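Listed below are the residues making up each chain.
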Amino acid sequence: MLLNDFAIEHIRHHGNYRHKTEEVFFMKHITKAFLSVCAFAITSHADVYDDFASYEIGKDNSWFFTLKTESQKPVFAKSIEARLVQTITDKKVSDYAFVCACKILKPIATELSLPILKSALSNPARVSAACDVLVGMEDDGEDAIIEFLSKPQSDLYCLQTAISTLASFDDDGVKTIAKYATSKDEKLATFATIALGSMSEDDALPILQMNLKNGTPDVKKAAARALVAFAENAYASGDKSSAREALNSLPVDYPLAVVLRAKLDEKKACDYLDSLIIKGGELVAPAGRAMNSRRDFNKSAKIIAAFPTLSKESKLAAMGSFMLSGDTRFYPIIAPELGSEDSDIRSLAIYSARFICTDEANLRKIWNAYILKRKPDCDFAKNVFAENPSFACKKILLELADNGDLNALEFLVMRGDLNALKTLWKKYEDSYADDSNGDKRITSIVENTLTYGDMPMFVKYLAADYPEKLSNTTAKIIIKKLAKSRDEKFIKFAFEEIKKTNKVPADNKYYKFIAEKLKIL
Amino acid sequence: MQTFEYWIFILRMNRRNFLRSITASSVAIGFPTIIPATVLGKNGKVAPSERITMGSIGLGTQGTANTKNFFSDPRVQIVALCDVNNTEGRQYYGYKNDTVRGLVNARKTFGMDIPIYNDFREVLARKDIDVITAAVPDHWHAIMGIECVNAGKDVFGEKPLTRTIREGKALRDAVLNAGRIWQTGSWQRSLPQFVRAAEIVRNGYLGRITRVEIGLPSNFKAEVLPAVEVPKGFDWQMWQGPAQPSFYNPRKTFTRWRGITNYCAGKIADWGAHHLDIAHWALDFDNSGAEEIVPLHVQWPTNGFSDQPLKFKVCMYYPRGIEIEISDMNPNGVKFFGTKGTLFVSRETIHSNPIDIAETRILPTESRLFPIRKGNHFTAFIDSVLDRRAAVTDIGIAHRTNTGCLLAEIAYRLGRPIKWDAKKEVIVDDDVAERLCDRAYSAPWQLQA
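Residues numbered from 1 in each chain as written. Chains lettered and ligands numbered in written order. Predicted model: local features only at pLDDT ≥ 70, side-chain atom pairs only at ≥ 80, totals over all residues. Heavy atoms only, no water.

Engineer: Please set out the interface of chain B and chain A residue by residue, giving values where relevant.
Structural biologist: Listed as interface residues are 87 residues of chain B and, on the opposing side, 103 residues of chain A. Between chain B and chain A, roughly 7900 Å² of surface is buried when both sides are summed, and carbon and sulfur atoms account for 53% of that area. A:E387 is the salt-bridge partner of B:R368, the closest N and O atoms lying 3.0 Å from each other. Our count for the contact surface shared by chain B and chain A stands at 35 residue pairs in polar contact (both at pLDDT 80 or more). Broken down by element, the residue count for the side of chain B that touches chain A peaks at five residues, all from strand β8 (residues 292–299) of chain B. (Contact = heavy atoms within 4.5 Å. Buried area = accessible area lost by both parts, 1.4 Å probe. Salt bridge = Lys/Arg side-chain N within 4 Å of Asp/Glu carboxyl O. Polar contact = N/O pair within 3.5 Å; in protein donor to acceptor, adjacent residues only side chain to side chain. Helix = DSSP H or I, 4+ residues; strand = E, 2+ residues; numbered from the N terminus.)

The following block contains the structure:
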């Protein structure tokens, strides 16, 4: 299919996105594509290949973009590949030209390209580019690299580049790489050992185990990492027994094996991970992270019992997983930490109440932390009262608001309580009664909580029925609110919408004032 | 290479011995020693022994900004600075600030007594370092990220997650299997307007979503470049790392590398990591992906060192009949089209039609997204390091977003549609497209997958 035949099919198939302009657009594209095909065919692009052949860094590279674009068309891909291969074979193209050619060949290379790619494997300036093409050529690519690695090679860079490319095939390359994993060259042996870890063939396992036992320190380190990687690949492909065998070669406290050990025995995973958290040390971190999705109150007796005496690190990890579980039974265990001297622990104790605290007593403690305005506690307490969904939280806020607490009233408004919104606006209105100057705190809460959805109702305070000072303040709040959006089109649109949906006369002087300030006259 | 300053620093800042040495010396001398309250962690300050120690790798513009954020967190102590660039000159051509970056600038910014390194492996070898912030070019992300987590470090990494889809899978698996915390620099999830937008969509206030339009900045037009001599103090070989070796020119580095496919997938991944990420979040596609990706428009350069498209438009078809269009010809931001209205969100603004939707008060009992406790994307990373909860742009999330971006890149590079199986994470029946999911690595680097 030509480049834009698919576009026509796309329009037919995806009927729900069919705009007239898109169809016109595609028709233009089809015409353009047809003309470019003709142009390409006519010139036969002799110039392009000459440019390629003589290309050096710093020269014009338009040949690259021409060939790259044209090679997208299946009708030209093979001929472009053939011409590029021919040019590389016949002429002395620069290394950089070869690298650029490989970028074009990568999606289109066939067995035609193999000779030039194979010969590039022993050239440090070209091996990486050649491997980048071979890595996508399946059996052909794999065989080419195996052939290269099966012969004696002296350049370490070329060897390593080829080994890592072969490892990504994860197929027949184990024996080939294995011989390098036991090389006397430590750098090469280390490199090849890591590469074996990426391969899931069982043949890799005994070599890794041997290297772990007998290798130099660097090789042993590489083998340990590779064994974990091998075990993970085996587990992912359903081979738990090979995974276990690989892990059994490693010390029980090897940090990289923690998560997989838990996965291999899910029934005992919670116990295992909790035992690591309780013990403390460097395994707390991976154990705590692995516990994220596993925390179950009914399987947490041990850690609950140990909780009060855990180290800071362990306590935080435990609390994190308690919070994530969403199980409110965990909060009484966390609650004593509301009085912790440690800021991190105390902060988390407050914050986790947002998710799992439903009891009044603790919520009132957190309210006190909010009122005291001691940072950072008050910030986390604010999160709690803004979003804790429990009945107890709402009850506390309603009680406080009824007793005149403006902080509580503000939270209720933020939480979507329409009665609280009415109460707030009534207070706002009353604060300007009898020619008073308003109440700063109340005005501030009104401003902070006002939404675009409220605006059509709020605008009523601009009417002549209301005190001038109230209307003035209202106008300023509206201006600030609309200006915040920083989008001229939207500001104009929103202002018109607001004016439409209320009974304030269109010639109200404050409308003019607002429009002037917002520059939307 | 460990400098003299390094050893002095280690001697002074060894966490286990710090207080002991103060106390011991005061006893030996016989004076009553007054230890400042801040040292002991009083008055809300965090004692040095309790601080999370951080190594910063990559100190270009983004890396410097990221490190500044962590530097101002009292829970964090920067104990290592690493960059391949240790030059004095203004080598940073093409970026508007044209400011000196790298180690010279970092030392002036963060302190002359912090040890410096050229090779990140020396940073990772330090047992006293807890976490890493890495802001390096995309072609480094996977290999360096895997090295970091295998060394037992939690990581604040940059977006886009990786250069290829296969790297994304390898990095995701490595991070999860090592039990490490990973936060990607897709920080829009920590901005309130994006949280609000996602919650509005999730709770159905826009109705059924049919379409999303994402607008990104364009790739830049680039010129032909000559090779120039590598300046003394700049490790060009290390900068290239696993990428195919190429010639040096300063205009290829320091953000301009985003124009080169050897290092980056261009704006579609660079900014797609932000905006497609938000679309995924809002539509609950964090564990899913597109089914079909169709390039609608691509305009390629005809010359120059950048091989990214000058203009592009790609349409991606997701489950539930949702289309996501990504283009540099749309306004920068994310626009959701639903049966009850539209919502546009960007870094500057959020608005909707009807106007009330954009600021809907989401009830505590509705579906809520809780990205951060307080602070920002950077403090959120430290929160996760402490309590071991997955970060808001955790590795799995970042990988799915990045995969979407890279699929779009593959589609427009091939100039035709491709299909994707999000469950198996493979391109469907398309060996040619599958080739672009992987790449080879220059020695001595390899991807452990």
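Engineer: Can you break down unusual backbone geometry residue by residue, with the values?
Structural biologist: In this chain, B:N353 is followed by B:P354 through a cis amide linkage whose omega measures 0°. Structurally, B:P354 can be placed in the loop between β13 (350–353) and α13 (377–387). At A:D435, a residue that is not glycine, the phi angle is positive and equals roughly 65°. Within the secondary structure, A:D435 sits in the loop between α27 (418–430) and α28 (440–449). Even without a glycine there, the phi angle at B:R320 is positive, about 65°. Within the element layout of this structure, B:R320 appears in the loop between β9 (311–318) and β10 (322–327).

Engineer: Could you give an account of the pairing of β9(B), naming the residues involved and the relevant values?
Structural biologist: A regular strand carries its side chains on alternate faces of the sheet. Residues and elements named next belong to chain B. In terms of burial, β9 is largely enclosed, as seven of its eight residues are buried. Note that β8 and β9 share seven bridges and pair antiparallel. Bridged to V298 within β9 is F312. Connecting β9 to the antiparallel partner β10 that follows it, the hairpin turn spans three residues, and R320 within it adopts a positive phi of roughly 65°. (Buried < 20%, exposed > 50% of the residue type's maximum accessible area, 1.4 Å probe, protein only. Pairing = 2+ DSSP bridges.)

Engineer: So, the packing of helix α12 (residues 186–197) of chain A against helix α14 (residues 217–236) of chain A: which residues are in play, and what are the values?
Structural biologist: Residues and elements named next belong to chain A. Remark: α12 packs on α14, axes separated minimally by 7 Å, with the N-to-C direction vectors making an angle of 10°. The orientation of α12 relative to α14 falls into the category roughly parallel. Seen from above, α12 lies across α14 with left-handed handedness. Residues E186, A189, T190, T193, I194 and G197 of α12 form the contact with α14, whose participating residues are D218, V219, A222, A223, A226, A229, F230 and N233. Of the residues contributing to the contact of α12 with α14, the split by class is eight nonpolar, four polar and two charged. (Axes fitted to C-alpha atoms, helices over the stretch in contact; angles between N-to-C directions. Parallel < 35°, antiparallel > 145°, perpendicular 65-115°, else oblique. Left-handed = near helix turned anticlockwise from the far one by under 90°. Nonpolar A, V, L, I, M, F, W, Y, C, P; charged D, E, K, R; others polar.)

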